[in-house]
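Remarks on the overall topology
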Amino acid sequence: MSDTKWKVTINGIEVECVPHETILQAAKKVGVKIPTLCHDDRLEPYGGCRLCIVHVKGVPRPLPACTTPVADKMDITTDTDSIRKIRANILELLLSNHPNDCMRCEATGDCTLQDLSYEYKVDGKRFEGEQWDLPLREDNPFITFEPNKCVLCGRCVRICNEVVMAGTIEISGRGFDSIPETSFKKPRTLDNCEFCGQCVSTCPTGALTDKRGRGKGRSYELEKVRTTCPYCGTGCNFDLNVKDGKVVKVTSALDAPVNHGNLCIKGRYGYEFIHSFERIQTPLIRKGDKMVTASWDEALDFIASKFKSLIKKYGENAVGGYSSARCTNEENFLLAKFIRTVFKTNNVDNCARV
Amino acid sequence: MAGLATSFGAGAASNSFNQIGDADTIFVIGSNTTEGHPIVSLHVKKALRKGAKLIVADPRKIWLAGKANVWLNQKPGTNIALLNGLIHIILKKGLENKDFISKRTEGFKELKEKVQEYDPETVMKITGVPEECLVEAAYTYATSKKSMILYGLGVSEHRTGTEGAIAIANLALVCGQIGRTSTGVNTLRGQNNVQGASDLGPYPNLLPGYQQLGDPAVRARFEKIWDVPIDPEPGLKFPHMLDAAISKKMKGLFILGGDQAHTDPNIHKVWKALGSLEFLVVQDLFHTETTKYADVILPGASFAEKDGTFTNGERRVQRIRKAVEPVAGMADWEVICKLANKMGYPMKYNHPSEIMKEIASLVPNYAGISYERLGKDGIQWPCPTKDHPGTTVMYENVFARPGGLARFVALDQIGPGEETDKEYPYHLITGRVREHYNNGSMTRRSPGIKELVPEELIEISPSDAKKLNISDGEFVKVSSRRGKVTVKAKVTDRSPKGVVFMAFHHQKVLTNVLTSHHRDPYTDTPEYKAAAVKIER
Ligand code: SF4
Ligand code: SF4
Ligand code: SF4
Ligand code: FES
């Protein structure tokens, strides 16, 4: 690591950079937004879509911001008329082979292609082109693929190969027929896919979506609640997406401190137990062989009197408590306190061994 | 976690997961990281992309073993011999960090003498790992600028789990691979809040924050805030509570969110104990093996239904937030408060943030933590004051032991509590698969996951399968000295000859009727990783 510091100007704003930083990273630091389509911070710079092109003083051709490293005293303009024209053209081309389906698309409101088309006022009608007509694929429990909506940014393929190293999907076919696919177009199973959903999380369009969340609400209808995964000790964060009092899906938190938007199958797709009909709904008290429903007050009164009489009859050390590594810090602390202050014994332990 | 506490002074990972990607060498021992901790494994993969070297010690040919520069394919239960052997080679070649050893550690002489017994030939005999692999691993780990160790339940879940962790700490200390970024000894813990439950939680001999119950000054601080006298005599650990239940000394038990009748080893005994209690209360999300024994079952609230914090494996305290109402109307912390009030002890918290306030006032490592400060990044303890940013690298200048030096401990190899023999010739390792979690009560209720992994499997090597005439997908009977289950076989070269693997996520196949009754004497951690079994068609 060298301590070299470079001065770069972006749209007239000066920004201090270090070598190897890209123009895109530099722009982000001063809040200048450059449109991107094939870029994801989790991936190596790629430079496929050219939407992020910017003008660098002294360079005749526009350069992609996501792959071009900054140089000292670089003077960058991100938004000129000619650059806007090129971007609009790229979008026109992409839309010319895109189904006009935003009104019922799962990704509406959460689609980079849609947002950029709006911003650049294009609708794909300028170029009449051949359009794909490929069937929707959802022959697996979690991931729906609508190939017609794919813009071939390669993000799904790169995240699966670079980051997850699962090698599930690749760009297959050539030219007009190339498409991200599993090898031999086999359905996804655990033999070829981890179902981590990283591909879904990076797709900038509605081509890859979470099957189990489909039709349950669009991004702007869903309240997002940031939380921590309840499964393993890695502590990944994600957003619970809530509509009408129900968790309908989990989405990536790209700014999460540990997992940076990545999740495993449990974190991303293991949420449905929350609303399982098998959840215990009310307190239950044993009457002979049967468990009978009770109100909280009945159950807690019964527990209180039972423990009181056990303590009276056999002493404090005939009772105890046990807590779990699944419970929160506050609950564990509280149980440790409860057993000592209410039961007045040190017979308290937890399963935090494994 | 007694192991790391003995060596370094604190029972927690020394570094942060984000530093894995910048390590020069990563040594993974006893962790099938890609399955057990998939997102930690993404950090390892990132390091590999950047050219880091990888050493893997595991009896099974796990995915990472296939990517490793050196795979130490040790026999199960031979961690201490293996690690002593690596230290032996490092000392013999003079690759140790002499400066670090002299300035920051104590007890080196004893260690040095002990590891002399572990020459490569001896170690090869015990572990089955060829000498050239041992040498390469030792050389790579010792000579890299930043070597980081990740270890998992394959170390802890042995009766020598504590020693295993100490042996790892010895290796890191000998090479001075700790106290800097992208080095250190990092445990990968099983359940989501193991770290937090240990930090704050209920122990029979400790008050929250690992504070000694026997210390009058500690008790006085708690007594003042809790307003009750605290008995200085330690209570019973859970296994002993079970014994006491069987001998009718223990009468009543309150179990918060645990399924011991499924996940504890040697569960026949657990069943007997729970059945002997006069009164059992269990609070959980679902009916489990344990709730079958309950006199009162209370509905638990899931992570989506309450506010609170979890502490992850790198000591990061992070929020969970209430997204939907609790199914039964009350979160677990509210239930505890209400019960306390009914039994005559006032607990008046309006919100978990107030409980955290009390934690901060009593637990030094959490003293600077409050809900206001836990933004989207959380805080890694130790966080001793309100303006402390938290700690990403521990032990940069001093260790947490009295005197500030780390301690070497000389150790002997001790094998598993149950060795294989003629009658029970296979070594059973239990663990997790990526798709499920522990007793499976949550993942099995998530329809897609259930569809993908509907049942338990026993992984067996092709050569053993051939010998026993078992084909892939066929049901086999697996028995140990304690019980028997029937389970579907999966023939795979992930298992070496003589070793079989099972998870424990399904209620139909209760793997833990097989597992061993041996435990780590220091922590009471069960030996899930070594039981002797036989397999029949
Ligand atoms: S779910 Fe994960 S493993 Fe499967 S294709 Fe997507 S990124 Fe690859
Ligand atoms: S499916 Fe999505 S992420 Fe993959 S190439 Fe197509 S548009 Fe890009
Ligand atoms: S998403 Fe997966 S790796 Fe991350 S905490 Fe949850 S279970 Fe662990
Ligand atoms: S985002 Fe830069 S080329 Fe696609």
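This write-up is about the structure you can find in this document. This one's a predicted model, so the numbers in the text were calculated from it and none came from an experiment. (Residues numbered from 1 in each chain as written. Chains lettered and ligands numbered in written order. Predicted model: local features only at pLDDT ≥ 70, side-chain atom pairs only at ≥ 80, totals over all residues. Heavy atoms only, no water.)

1. Here's the deal with the site of ligand 2
Neighbouring ligand 2 are 13 residues; Cys150, Cys153, Gly154, Cys156 and Cys203 of chain A lie closest to it. In terms of residue class, the shell around ligand 2 is built from eleven nonpolar, two polar and no charged. (Near = heavy atom within 4 Å. Nonpolar A, V, L, I, M, F, W, Y, C, P; charged D, E, K, R; others polar.)

2. A short note on helix H3 (residues 38-49) of chain B
Residue and element names in this part refer to chain B. Between the first and last C-alpha of H3 there are 16 Å, a value that for twelve residues agrees with the 16 Å anticipated at 1.5 Å per step. The element H3 is extensively covered by neighbouring structure, given that ten of its twelve residues are classed as buried. Among all positions in H3, only Pro38, Ile39, Val40, Ser41, Leu42, His43, Val44, Lys45, Ala47 and Leu48 are buried. A positive backbone phi angle near 95° is found at glycine 51, which sits one or two residues after H3. (Helix = DSSP H or I, 4+ residues; strand = E, 2+ residues; numbered from the N terminus. Expected span 1.5 Å × (residues − 1). Buried < 20%, exposed > 50% of the residue type's maximum accessible area, 1.4 Å probe, protein only.)

3. A word on the pairing of strand S15 (residues 319-323) of chain A
With five of its five residues buried, S15 of chain A lies for the most part within the structure. Where S15 of chain A lies against strand S9 (residues 252-256) of chain B, four bridges are found, and the strand directions are parallel. Its bridge partner being in S9 of chain B, valine 319 of chain A is matched across the sheet by glycine 252 of chain B. A crossover connection joins S15 of chain A to the parallel strand S16 (residues 348-350) of chain A through helix H8 (residues 329-343) of chain A; in handedness this β-α-β unit is right-handed. (Pairing = 2+ DSSP bridges. Right-handed = clockwise from strand over helix to strand, strands pointing away.)

4. Things to note about the packing of aromatic side chains
Following the criterion strictly, the structure yields 19 aromatic pairs over all chains and no others. Measuring from centroid to centroid gives 5.7 Å for phenylalanine 302 of chain A and phenylalanine 279 of chain B, while their planes differ by 85°, and the two rings are edge-to-face. With phenylalanine 302 of chain A in helix H7 (residues 296-314) and phenylalanine 279 of chain B in strand S10 (residues 279-284), the pair connects residues from two separate chains. Residue phenylalanine 279 of chain B is classed as buried on the basis of its relative accessible area, which comes to 1%. One aromatic cluster in this structure is built from Phe302, Phe307, Phe338 and Phe343 of chain A together with Phe254 and Phe279 of chain B. Of note, arginine 158 of chain A hangs over the ring of tyrosine 46 of chain A, and the distance from its end group to the ring centre comes to 3.7 Å. Lysine 45 of chain B extends its terminal NZ or CZ atom over the ring of tryptophan 63 of chain B, reaching a point 4.8 Å from the ring centre. (Phe/Tyr/Trp six-rings, centres within 6.5 Å; stacked < 30°, edge-to-face > 60°. Lys NZ or Arg CZ within 6 Å of the ring centre and 35° of its normal.)

5. Describing the sheet that holds strand S20 (residues 499-503) of chain B
All names here are of chain B. With respect to topology, six strands assemble into a closed barrel ordered S16-S20-S17-S19-S18-S21, the strand pairing being mixed. In this sheet, neighbouring strand axes are inclined to one another by 45° on average, regardless of whether the strands run parallel or antiparallel. Relative to S20, strand S17 (residues 457-460) runs antiparallel, the two sharing two bridges. Note that in S20 the partner of isoleucine 458 across the bridge is methionine 502. (Axes fitted to C-alpha atoms, helices over the stretch in contact; angles between N-to-C directions.)

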